[in-house]
Structures are given as C-alpha cells and as structure tokens.
Amino acid sequence: MISTILIGMTILFVVANLYYFFTNKTHKKSGFDSALFYKLFFVLVAVTFGFALLYYLLSFNEVILVINDPTDAIADTGFLNCLYFSGVTILSVGYGDLVPVGSARFFALIQASIGVLLPSAYFVKALGSNGKDSESESE
C-alpha cells in the first residue's frame, strides 16, 4: 500500500517537473516549440523502428546479438528483441544485457550517434529560432 502511494507521488513529481520545464518562461530566450518537439519525437521513433528492421534483417545472415553473460549465448533476434535493442541504443541507455556482434556493432555505433546528435540539434535549433524571434522583436 505505501509503495503504491510512493510510486504515485514519484510520478506526480516527475510530471510536475516536466510541466515546469516546458512552461517556465523566466529566461527571455526560453520556449517550447511543440511542432519541433513532435518532429523530433516522430523522427526518433521512425529511426528506432528503421534500425530495428535493419537488425532483424541482418540476423538472417549472421549472428548480431549475444547475451551478456559468461556463456555469450546467441540472443533471440525476433523483431521485438531487435526493437528493444534499437530503443536502448538510440536512447543511449545501453543496459548491456544484449551486445551487438559482427556488422551490427557498426550500425549500433551509427544509431547511438544519431541518438545523441539529433536531440542536440533540436536544442540548438530551438534556442536559435527563439533567439532570432527575440532579436526581431527588439528592432
């Protein structure tokens, strides 16, 4: 019972902080561009599914994932496992339970790079577009 209450309070805390982050306008150049955010979200989802399909197709030709334990057993490469691996790779979570081998290592590096650079580009663009709006308003 108490754990359920604590879980609920934690979820409310996280949601409140996210709401504060996206609605706080104390800095002149701060702002939230919902169109840009949705674009980033859907591009990340599409790239995640694309790489999952790539890993799945690669698994027909070679071993691409092994389980990270002393046996290095070959992991099940069904589409859902490939989607899971793709998700933790693009989000840079990297739990380490599945390890890419063979050509999948190269593609995992590319995907991880996209996962880091795409959100960075989003923030640079969001700050740049808000800065231009502020400059044009002051003229």
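Residues numbered from 1 in each chain as written. Predicted model: local features only at pLDDT ≥ 70, side-chain atom pairs only at ≥ 80, totals over all residues. Heavy atoms only, no water.

### Some details on the overall build of the protein chain
What the protein chain contains, in helices and strands, is 4 helices and 2 strands. Along the protein chain, helices and strands appear, N-terminal first, in the series α-α-β-α-β-α. Among the 139 residues that make up the protein chain, the fraction classed as buried is 23%. For the protein chain, restricting intrachain contacts to residue pairs at least 6 apart in sequence, the fraction spanning at least 24 positions comes to 65%. Accessible area of the protein chain: about 9700 Å², with a carbon and sulfur share of 70%. (Helix = DSSP H or I, 4+ residues; strand = E, 2+ residues; numbered from the N terminus. Buried < 20%, exposed > 50% of the residue type's maximum accessible area, 1.4 Å probe, protein only. Contact = heavy atoms within 4.5 Å. Areas by Shrake-Rupley, 256 points an atom, 1.4 Å probe, with all protein chains shown as cover.)

### What about the packing of helix α2 (residues 34-58) against helix α3 (residues 79-90)?
Where α2 meets α3, the closest approach of the two axes is 8 Å, and the angle between their N-to-C directions is 130 degrees. Overall, the two elements α2 and α3 adopt an arrangement that is oblique. Here the hand of the crossing between α2 and α3 comes out right-handed. For the pair α2 and α3, the contacting residues are L44, V47, T48, F49, F51, A52, L53, Y55 and Y56 in the first and F79, C82, L83, F85, S86, G87 and I90 in the second. (Axes fitted to C-alpha atoms, helices over the stretch in contact; angles between N-to-C directions. Parallel < 35°, antiparallel > 145°, perpendicular 65-115°, else oblique. Left-handed = near helix turned anticlockwise from the far one by under 90°.)

### A few points about the side chain of Q111
By the secondary structure assignment, Q111 is in helix α4 (residues 103-138). When residues no more than four places from it in sequence are discounted, the contact partners of Q111 are V47, T48, F51, Y55, S86, T89 and I90.

### Quick notes on the confidence of the model for the protein chain
Per-residue confidence for the protein chain gives a mean pLDDT of 83, with 84% of residues at or over 70. Here residues 133-139 is modelled with pLDDT under 50, and outside its nearest four sequence neighbours on either side it reaches 2 contacts, counting other chains as well. (pLDDT = per-residue confidence, 0-100.)

### Some thoughts on α3
Taking 1.5 Å per residue, 12 residues should reach 16 Å; α3 reaches 16 Å between its end C-alpha atoms and fits that length. Within the sequence span of α3, burial applies to C82, L83, F85, S86, G87, V88, T89 and I90. Phi turns positive, to about 60 degrees, at S92, one or two residues after α3. (Expected span 1.5 Å × (residues − 1).)

### Here we look at a nonpolar patch on the surface
Taken together, M1, I2, I5, L6 and M9 make up a surface patch of nonpolar side chains, about 590 Å² in accessible area. For I2, the location among the structural elements is in helix α1 (residues 2-23). On the accessibility criterion, I2 (63% relative accessible area) is exposed. (Patch = residues over 30% accessible without salt bridge, like charges linked within 9 Å, V, L, I, M, F, W, Y side chains within 5 Å. Salt bridge = Lys/Arg side-chain N within 4 Å of Asp/Glu carboxyl O.)

### A short note on α2
Residues separated by three or four positions in an α-helix point in the same direction, a consequence of the helix having 3.6 residues per turn. Over its 25 residues, α2 extends 36 Å from the first C-alpha to the last, a length consistent with the 36 Å expected when each residue adds 1.5 Å. When α2 is considered as a whole, its buried residues turn out to be L36, L40, L44, T48, F51, A52, Y55 and L58.

### Here's the deal with the packing of aromatic side chains
For any two aromatic rings, the description comes down to two numbers: the centre-to-centre distance and the angle of the planes. Applying the stated criterion across every chain yields a total of 9 aromatic pairs. Ring plane angle 70 degrees and centroid distance 5.3 Å describe the contact between F106 and F107, whose orientation is recorded as edge-to-face. You can call F107 partly exposed: its relative accessible area is 24%. (Phe/Tyr/Trp six-rings, centres within 6.5 Å; stacked < 30°, edge-to-face > 60°.)

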